[in-house]
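Coordinates in review
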Amino acid sequence: MHKMVDDAYYKQLHELQAVDFVLVELNLYLDTHPMDANAIQQYNQYAELRMRIAHQFESQYGPLMNFGHSFSSVPWAWNDTPWPWQV
Amino acid sequence: MNDQVRYYEPYVSPLDPCPPRRVKSYITPPQLFIPFQPPNLPQFHPYEALMHGTLWPALYSPYGPQKVRQEEEGDD
């Protein structure tokens, strides 16, 4: 069962990647600035946004991760194509 | 010209085994000059941050192809 990979797939992945990068940066920043409330508020906003983007992506294209980090459809879907290097 | 690149002329010895590199360069990224990152620095848009490799323009250090300043062709 080949998944249909289209522009929306790449667009959502790009958005997810950008949000993930912002979260990484904020996380590293907050490690050294624990009292910065604005950054924490921004971090929470982006974390919530990331969950929405990932949920929407997974509902359309299947799980992003395995070992309990994503839901799966039937049949077992996380090892479906396209694999990350095929995207 | 990228303002974070600095140049120096290493000593060239007649005993050097390889052709001399008369001008060499090194990068001085912004974090060398910021002891502790102040809060609430201006930020890039997420897509720009992804392309620039950092969330804060103040910390951006371009990593492009550097044309080493060549007084004369010493890079043969």
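Residues numbered from 1 in each chain as written. Chains lettered and ligands numbered in written order. Predicted model: local features only at pLDDT ≥ 70, side-chain atom pairs only at ≥ 80, totals over all residues. Heavy atoms only, no water.

- Within an unreviewed UniProt entry, the label attached to chain B reads Spore coat protein JA, and the organism entered is Paenibacillus prosopidis.

- The name an unreviewed UniProt entry gives chain A is Spore coat protein JB, with Paenibacillus prosopidis as the organism.

1. A closer look at the side chain of Glu25(A)
- By the element assignment, Glu25(A) lies in helix H1 (residues 7-32).
- Buried charge Glu25(A) goes without a salt bridge, the closest partner of opposite sign being Arg50(A) at 15 Å. (Helix = DSSP H or I, 4+ residues; strand = E, 2+ residues; numbered from the N terminus. Buried < 20%, exposed > 50% of the residue type's maximum accessible area, 1.4 Å probe, protein only. Lys, Arg positive; Asp, Glu negative; His and termini not counted. Salt bridge = Lys/Arg side-chain N within 4 Å of Asp/Glu carboxyl O.)

2. Considering the UniProt feature "domain: Protein CotJB" (unreviewed entry) in chain A
- Feature annotation in UniProt places "domain: Protein CotJB" (unreviewed entry) on residues 11-86 of chain A, given in this structure's numbering.
- In residues 11-86 of chain A, helix accounts for 62% and strand for 0%; the two terminal C-alpha atoms are 16 Å from one another. (UniProt positions renumbered as here; feature names shortened; annotations may be inferred.)

3. Observations regarding the interface of chain A and chain B
- The interface is formed by 15 residues belonging to chain A together with 14 residues belonging to chain B.
- Counting the surface lost from both chain A and chain B, the interface buries some 1,300 Å², and carbon and sulfur atoms represent 66% of this.
- Considering only the surface of chain A that becomes buried against chain B, Phe21(A), Glu25(A) and Tyr29(A) emerge as the three largest contributors, covering 35% of it.
- Inspection of the chain A/chain B interface yields 0 salt bridges.
- Summed over the shared surface of chain A and chain B, the result is 4 residue pairs in polar contact (both at pLDDT 80 or more).
- For the side of chain A that touches chain B, the secondary structure elements donating two or more residues are H1 and helix H2 (37-61) of chain A.
- The biggest single contributor to the side of chain A that touches chain B is H1(A), with 10 residues. (Contact = heavy atoms within 4.5 Å. Buried area = accessible area lost by both parts, 1.4 Å probe. Polar contact = N/O pair within 3.5 Å; in protein donor to acceptor, adjacent residues only side chain to side chain.)

4. Description of the nonpolar core
- Ranked by internal contacts, the top residues of the largest apolar core, which has 21 residues, are Leu26(A), Tyr46(A), Leu55(B) and Trp56(B).
- When contributions to this core are tallied by element, the ones reaching two or more residues are H1 and H2 of chain A together with helix H1 (46-52) of chain B.
- In terms of residue count, the dominant contributor to this core is H1(A) (9 residues).
- Not counting the four nearest positions on each side in its chain, Leu26(A) is found in contact with Gln42(A), Tyr43(A), Tyr46(A), Gln43(B), Leu55(B) and Trp56(B). (Core = buried A, V, L, I, M, F, W, Y, C linked by side-chain atoms within 4.5 Å.)

5. Here we look at the pattern of salt bridges
Residues and elements named next belong to chain A.
- Taken as a whole and judged by the stated rule, the model has 2 salt bridges over all chains.
- Measuring nitrogen to oxygen at the nearest pair gives 2.7 Å for the salt bridge that ties Arg50 to Asp20. Note that Arg50 is positioned in helix H2 and Asp20 in helix H1, a separation of 30 residues in sequence.
- Asp20 gets classed as partly exposed once you look at its relative accessible area, which sits at 25%.
- Among the salt bridges present, the one from Arg52 reaches Glu48, with a minimum N-O distance of 3.2 Å. Here the residue Arg52 and the residue Glu48 both occupy positions in helix H2, the gap between them amounting to 4 residues, near one helical turn.
- Overall, Glu48 belongs to the partly exposed group, its relative accessible area being 40%.

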